[in-house]
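Listed below are the residues making up each chain.
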Amino acid sequence: MILDNEILIWLALLFPFLGTGLVPLVARAGGKARTYFAVIMGFLTAAVVLLLLPEIWFGASEGLTIQPLAWAPSIGLTFSVYIDPLAVLMAVIAGGIGSLVLLYSVKYMEKDTGLTRYYALVLLFIGAMIGLVFVNNLIVLYFFWEIVGLCSYALIGFYTTDPKAARAGIKAFVTTRVGDIAFLIGIFVLAAGAMTSLGLGFWDALNIQTLLQNVSSIPLETLAIAGFCFMGGAIGKSAQVPLHVWLPDAMEAPTTISALIHAATMVNAGVYLMARFLPLFASVPYWTQVLMWIGGITAFLAATMALVEPDLKRVLAYSTVSQLGYMMFGLGLGVTGFTAATFHLMSHAIFKALLFLGAGAVIHAVATRNMYQMGGLKKEMKITYVTMLIGGLSLAGLIPLSGFWSKDMILATAWETGNYFPLALMVITAILTAAYTIRMLNLVFWGEKRQQTHAHEAPWQMSVPLIILAIGTLVSWLAIGYLTRAYAHFEGALTFVVHPFSVVVFLMETFTTWWIVCLSLGAFLLGLGLFYLRKRYAQNMIGKQTILVAQKGYWFDSFYLAIIAGLRAFSIRFRKTHTGDLNYNMIGVIIGMVILLVLFFLLGGAY
Amino acid sequence: MLPTAILPLIILLIGSYVAYIMGRLEYRYSKKHLASYTALYFFIFALLAQIYFAFTVWNGAPLSYIIGGSTLQMDSLAVFLSIIALILGTIVCLYSIVYMAHDKGQEYYYTLLLLMVTGIIGIGLATDLLVLYLFFELMAIPSYALVTFRRHERMAIEAGMKYIIMSAVGSILAFFGISLIYLQTGTLSYSSMIGLLGNSFYYQCALVFLIIGFGVKAAIVPLHTWLPDAHSAAPSGISAMLSGIVIGAGFFTMLRTLLLFNAHSMPVGQILIVFALFTMTVGNLMAFVQLTHAKADLKRLLAYSSVAQMGYIVLGVGVGLAYGIRTGYEGGLFHIMTHAFMKGLAFLCAGAIIHQLGTRYVDDIKGLGFSMKVTGFALTLSLLSLAGIPPLSGFMSEWLVFSGSIMTFSMIGWWGIAIAAIALINALISLGYYLPVIRILYSTAENKKVRAVRDPSFAMMLAMGILAVLVIVLGIWPELGLRVIKPAVDSLMIIGGW
């Protein structure tokens, strides 16, 4: 290529981080300068990452590893970078959608204050996301993983005047932290296991490629603990049940952030983690089954919750949780599901970002998020309507949009691996998906206008990203050929075999399992039907009960609030041990001695 | 021989006298800031000298100086402690120029500050138990006076009273432990005893007394009860010093004495690990409770947070002592360093808030982040760093402690995972009191006073700024700090015979 790959990789990391650091400085020259600077840095990042695409996807090179970087030689911490098709896919999504979101933000966030913080954090986020997928070391991966979480927290709470937003940010942070604890324990256990069985030093044992290549040497017990712990981290970050509760509340963030972080990139980090380590943990008994069921149950529950949600963004949030469930489900089918899941990741990122940005345009125009106060917008917001229609139909799985192909591929893989009951669950979820999508489109765009004010169409900075993403969702499925060929080429690294096929072969294979295609399209039609019959369902007694349960979010939130309340109550009672009276304090010293003597006795060395 | 080993010590000692004289001259001639600037210059001078000599020591040649029958030796551990103490001392001195400008007793304050840091440096330099104890007291006594510096504040007197009594008891117990060692070995010098004290009734008793005695100063639960009062009642610069380095130095003293024991036959490290888990948990729960109070005191919250952070430090070092896990030592020592900077920064920001706004209560600072931009941002940075969030320095040090604790997996199996899990869950709980403060800082200001207040003057902002930069830099480029720690950890590993 024009530039050496190594330089491209460094630039891909440099541009966003440099951008973050410089935005406050450039902001001194005025708001416009800062905004343009941020957008330019975003597009530069996207350009650099796109330049890597040909080499990795179409080229003949092995995974790119570049010079190890000695981050902290005093403790022996060096890490390298390893790029393969999956990493580039994620990076392109992050950079590409990131740049479109930045462009969109120019107009969308125009009237807000604190934009320096906004652009700095968005660029930091993009950089951290790219860093996360590029690095070859578990601890540096975790480093970027947490930075991504930090940016999410800070950007969810961006509207400082809104107490709900601040609380939502904290909720997101704490919930994902629970997953991160599991992830961290998993990392350490895995490293400890690799250290003893492979005789590596600590930091070498954290090298991802080393671990993947030597999976057979690592004891199964270690892999099992690590596997489920990693799954915990992915559950937190990708908002799967039971740690899904933060994502709907995270919709307090500006819609651009919802599109970037909570639809296209950060939540995909969990999927990336599972995909990257699939070769490592697939051999652990029940690991794939657990992943599959978590994905499936999440997909189903989230779809039911989306069906009863009045807030436009929350519908999309639940939809994201549901679709991420599809991806986890795909990965849970085993290594054969790898292609399907990552394919769905790609297509979902595009159409979900599209839907969110479109929702942003709608919310921007009508100043409400409640769908029951919208309606009939299709006449006034034509471009937004058409693009969101395309995005919605892609989500619902209408042929020939990319959502259909990727969802169908997951269903077909489920059939091929013999998971018939989970397949049924996913088909039912597909019905619900179509239903809530049509419900959303109906409430927002069709029917009578419930709003008095005139809704204006979005300016070009907002429409152009919508159009680009809509085109993307029309054609992105064509990349399946390149994707599988790239994976096949990297089979050494993936340690399992991916069959490469071209688009034509893909079409043939898809229609060979024609009953799955029927199920997919049937689900779409049944979803439409369910929607049209909704009134009758809602009158029904059972209907009312199920709607209530879904509206309560299956009481997950209440459960967590109860835990926190319990901790609070316990702490308040515990506080009474700190009397502040010096006499009691001295008794504390005596107690300390007693504890020490007891420990002596228990730990040995006692006389 | 040239007193290069004790040059920083001598500089600060001379400085304490000169600062006192300048302070009196201030009164005489009604000048301002004479004592404070003098102290600042001496601090900077000592810091530069220390850094200069540090390179010699890091290249493998500890510097010694013999006084009477004892040697004062600057080895890598000593360098580690004194660099942190001097950096923090300089910054607090800079900060105090403005913060303490209106207090009476300038001559006492800076003298005591200089003497306290002298004591800390001396702790590092000591090579026998008596000199260690001597410098430990040299550090402690000025700190008693500094906590109660504002004599008209009732809270300060009460806090000081508790602090003195508990600390004195601790010192006596520790001294008793030292005497037991002397009884058995007939010597007080480290070099003859290091790593050798094994299983015998006297040594076990000595261990108990040493851990409890020095543990009071190191704020280990259940000996920590003086800390919330003392750290919140002291002037904020002193709170920063106390939380930042004095409790760290207390632990350092404990560590020096614990190294004398044979870690293979005595469960020294394991005991530390257990205490560390208690310390973390109690500290976090108590800090969490602070926010449930009607008038939540920010400094008290930070004080309890210090207890919890000491838990991490003790865990890291305990793991290293018990099982020879290098990462544990690295984590523990690096956390002493990063905690000094981040907790120091947090207290300095709290002080700036008290100085400008006149309140220390969390409820009163709603929306302050928008008026006092630099202070608000610095406080946010310090709180995020304390919570262990990358790319700030707290992440790397806490991470090293966690990884050290889980590396015990290969030695004690599931217990190792349990230890790490407890530590990580504690980190999770700590979010529960760090994040709400940030949220309150950046919510909408209802109070007119809050809207009108501005950032403090240059000296205070510079002090906070330097620490903020350190907090960020050590996070992105931890090598800077780890470079200082590596030789120290090497020597600890050698002593332990690992």
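Rules behind the numbers
- Residues numbered from 1 in each chain as written.
- Chains lettered and ligands numbered in written order.
- Predicted model: local features only at pLDDT ≥ 70, side-chain atom pairs only at ≥ 80, totals over all residues.
- Heavy atoms only, no water.
- Helix = DSSP H or I, 4+ residues; strand = E, 2+ residues; numbered from the N terminus.
- Rg over C-alpha atoms; globule rule 2.2 N^0.38 Å.
- Contact = heavy atoms within 4.5 Å.
- Areas by Shrake-Rupley, 256 points an atom, 1.4 Å probe, with all protein chains shown as cover.
- Lys, Arg positive; Asp, Glu negative; His and termini not counted.
- Charge placed at Lys NZ, Arg CZ, Asp CG, Glu CD.
- Buried < 20%, exposed > 50% of the residue type's maximum accessible area, 1.4 Å probe, protein only.
- Core = buried A, V, L, I, M, F, W, Y, C linked by side-chain atoms within 4.5 Å.
- Buried area = accessible area lost by both parts, 1.4 Å probe.
- Polar contact = N/O pair within 3.5 Å; in protein donor to acceptor, adjacent residues only side chain to side chain.
- Phe/Tyr/Trp six-rings, centres within 6.5 Å; stacked < 30°, edge-to-face > 60°.
- pLDDT = per-residue confidence, 0-100.
- Pairing = 2+ DSSP bridges.
- Expected span 1.5 Å × (residues − 1).
- Axes fitted to C-alpha atoms, helices over the stretch in contact; angles between N-to-C directions.
- Parallel < 35°, antiparallel > 145°, perpendicular 65-115°, else oblique.
- Left-handed = near helix turned anticlockwise from the far one by under 90°.
- Nonpolar A, V, L, I, M, F, W, Y, C, P; charged D, E, K, R; others polar.
- Salt bridge = Lys/Arg side-chain N within 4 Å of Asp/Glu carboxyl O.

**Notes on the overall build of chain B**
In step 1: What chain B contains, in helices and strands, is 21 helices and two strands.
In step 2: Radius of gyration (C-alpha) of chain B: 21 Å, near the 23 Å computed for a compact globule of 498 residues.
In step 3: Dimensions of chain B, computed from C-alpha atoms along their principal axes, come out at roughly 65 × 55 × 40 Å.
In step 4: In chain B, of all internal contacts separated by at least 6 residues, the share reaching a separation of at least 24 is 80%.
In step 5: Summed over its atoms, the accessible surface of chain B is roughly 15200 Å², and 69% of this surface lies on carbon and sulfur atoms.
In step 6: Charge separation in chain B, taken as the distance between the mean sites of 26 positive and 18 negative side-chain charges, equals 8 Å.

**Structural notes on the overall build of chain A**
In step 1: Helices and strands together make up the secondary structure of chain A, namely 26 helices and four strands.
In step 2: Taken against the 2.2 N^0.38 rule, which gives 25 Å for 607 residues, the C-alpha radius of gyration of chain A at 25 Å falls within 12% of a compact globule.
In step 3: Burial status across chain A gives 62% buried among its 607 residues.
In step 4: Restricting the contact set of chain A to residue pairs at least 6 apart, pairs at least 24 apart contribute 80%.
In step 5: Only carbon and sulfur atoms are counted for the fraction: they give 69% of the accessible area of chain A, which is about 21500 Å².
In step 6: One way to put it: in chain A the 33 positive side-chain charges average out to a point 15 Å from where the 25 negative ones average out.

**What to know about the nonpolar core**
In step 1: One finds F134 of chain A together with F261 and W399 of chain B to be the most contacted residues of the largest nonpolar core, which totals 457 residues.
In step 2: The element contributing the most residues to this core is helix 14 (residues 337–366) of chain A, with 20 residues.
In step 3: Here F261 of chain B is in contact with I181, G195, L197, Y203, A206, L207, L210, M266 and V268 of chain B, once residues within four sequence places are set aside.

**Overview of the interface of chain A and chain B**
In step 1: Counting residues at the interface gives 61 residues for chain A and 77 residues for chain B.
In step 2: Across the chain A to chain B interface the summed buried area is about 6100 Å²; carbon plus sulfur atoms make up 82%.
In step 3: There are eight residue pairs in polar contact (both at pLDDT 80 or more) connecting chain A and chain B.
In step 4: Those elements giving two or more residues to the side of chain A that touches chain B turn out to be strand 2 (69–72), helix 5 (138–156), helix 6 (163–198), helix 25 (556–574) and helix 26 (582–603) of chain A.

**A few points about the packing of aromatic side chains**
In step 1: One pass over the structure, following the stated rule, counts 46 aromatic pairs over all chains.
In step 2: Between F230 of chain A and F281 of chain A the ring centres are 5.3 Å apart and the planes differ by 65 degrees, which places this aromatic pair in the edge-to-face class. Of this pair, F230 of chain A sits in helix 8 (residues 220–237) while F281 of chain A sits in helix 11 (residues 266–281), placing them 51 residues apart in sequence.
In step 3: Classification of F281 of chain A by relative accessible area gives buried; the value is 0%.
In step 4: Taking the centre distance of 4.6 Å and the plane angle of 15 degrees together, the rings of Y163 of chain B and W226 of chain B count as stacked. Of this pair, Y163 of chain B sits in helix 6 (residues 154–185) while W226 of chain B sits in helix 9 (residues 226–233); the two residues are 63 residues apart in sequence, bridging distant segments of the chain.
In step 5: With a relative accessible area of 0%, Y163 of chain B lands in the buried category.

**What to know about the environment of R450 of chain A**
All names here are of chain A.
In step 1: Of note, R450 is situated in the loop between helix 17 (420–445) and helix 18 (460–475).
In step 2: Its relative accessible area of 41% is what places R450 among the partly exposed residues.
In step 3: Distance from R450 to L333, taken between C-alpha atoms, is 45 Å for residues 117 residues apart in sequence.

**Describing the confidence of the model for chain B**
In step 1: Mean pLDDT over chain B: 91, with 100% of residues reaching 70 or higher.
In step 2: Across the assembled chains, the prediction reports ipTM 0.90 with pTM 0.92.

**Concerning the pairing of strand 2 of chain A**
All names here are of chain A.
In step 1: Across three bridges, the pairing between strand 2 and strand 3 (residues 77–79) is antiparallel. Along strand 3, the bridge assignment pairs A72 with L77.
In step 2: A loop of four residues connects strand 2 with strand 3, the two strands running antiparallel in sequence, and G76 in this loop sits at a positive phi of about 85 degrees.

**A few points about the pairing of strand 1 (residues 63–67) of chain B**
All names here are of chain B.
In step 1: Here strand 1 pairs with strand 2 (residues 70–74) via five bridges, running antiparallel. Residue Y65 lies in a different strand from strand 2, and its bridge partner there is L72.
In step 2: Hairpin geometry of strand 1 and strand 2 is characterised by an intervening segment of two residues between the two adjacent antiparallel strands and by a positive phi of about 60 degrees at G68.

**Description of helix 17 of chain A**
Residue and element names in this part refer to chain A.
In step 1: The end-to-end C-alpha distance of helix 17 is 37 Å, a good match for the 38 Å that 26 residues give at a rise of 1.5 Å each.
In step 2: In terms of residue burial, helix 17 counts as a mostly covered element, since 22 of its 26 residues are buried.
In step 3: G447 occupies a position one or two residues after helix 17 and carries a positive phi of about 70 degrees.

**So, the packing of helix 14 of chain A against helix 19 (residues 480–489) of chain A**
Residues and elements named next belong to chain A.
In step 1: Two numbers describe how helix 14 lies on helix 19: the axes approach to 11 Å, and their chain directions differ by 135 degrees. When the axis of helix 14 is compared with that of helix 19, the two are oblique. Helix-helix and strand crossings are classified by hand; for helix 14 and helix 19 the assignment is right-handed. Where helix 14 approaches helix 19, its residues F338, T339, T342 and F343 are matched on the opposing element by I480, L483, T484 and Y487.
In step 2: Residues belonging to the contact of helix 14 with helix 19 are distributed by class as follows: five nonpolar, three polar and no charged.

**Notes on the pattern of salt bridges**
In step 1: Summed over the entire model, instances satisfying the criterion amount to 22 salt bridges over all chains.
In step 2: A salt bridge links K171 of chain A to D249 of chain A; the nearest nitrogen and oxygen atoms lie 2.6 Å apart. Remark: D249 of chain A occurs in helix 9 (residues 246–249) and K171 of chain A occurs in helix 6; sequence separation between them is 78 residues.
In step 3: D249 of chain A sits in the buried class, given a relative accessible area of 18%.
In step 4: In this structure, the salt-bridge partner of R150 of chain B is D103 of chain B, at a minimum N-O distance of 2.9 Å. Here the residue R150 of chain B occupies a position in the loop between helix 5 (129–147) and helix 6, and D103 of chain B occupies one in the loop between helix 3 (76–99) and helix 4 (106–125), the gap between them amounting to 47 residues.
In step 5: Taken together, the shared-partner salt bridges connect K171, D249, E309, R314 and D557 of chain A into one network.

**A look at helix 20 (residues 458–476) of chain B**
Three- or four-residue spacings in an α-helix give side chains the same orientation, since the helix completes a turn every 3.6 residues.
In step 1: Across its 19 residues, helix 20 of chain B extends 26 Å between first and last C-alpha, which sits within 8% of the 27 Å expected from 1.5 Å per residue.
In step 2: If you check which residues of helix 20 of chain B are buried, you get A459, M460, A463, M464, L467, A468, L470, V471, L474 and G475 of chain B.

**Points about unusual backbone geometry**
Residues and elements named next belong to chain B.
In step 1: With omega at 5 degrees, the peptide bond leading from V221 into P222 counts as cis.
In step 2: The peptide bond linking P390 to P391 adopts the cis configuration, its omega dihedral lying at 0 degrees.
In step 3: With respect to the helices and strands, P391 occurs in the loop between helix 15 (373–386) and helix 16 (393–406).
In step 4: Even without being a glycine, A219 presents a positive backbone phi close to 60 degrees.
In step 5: For A219, the position within the fold is in the loop between helix 8 (201–217) and helix 9.
In step 6: Owing to a relative accessible area of 0%, A219 belongs among the buried residues under this scheme.

**Some details on the environment of T512 of chain A**
In step 1: On the secondary structure map, T512 of chain A appears in helix 21 (residues 503–512).
In step 2: Under the relative-accessibility criterion, T512 of chain A is labelled exposed at 52%.

**Quick word on the environment of L112 of chain B**
Residues and elements named next belong to chain B.
In step 1: Note on placement: L112 falls in helix 4.
In step 2: Along the backbone, L112 and A145 are 33 residues apart, and their C-alpha atoms lie at a distance of 7.7 Å.
In step 3: Residues in contact with L112, not counting those within four places in the same chain, are P142, A145 and L146.

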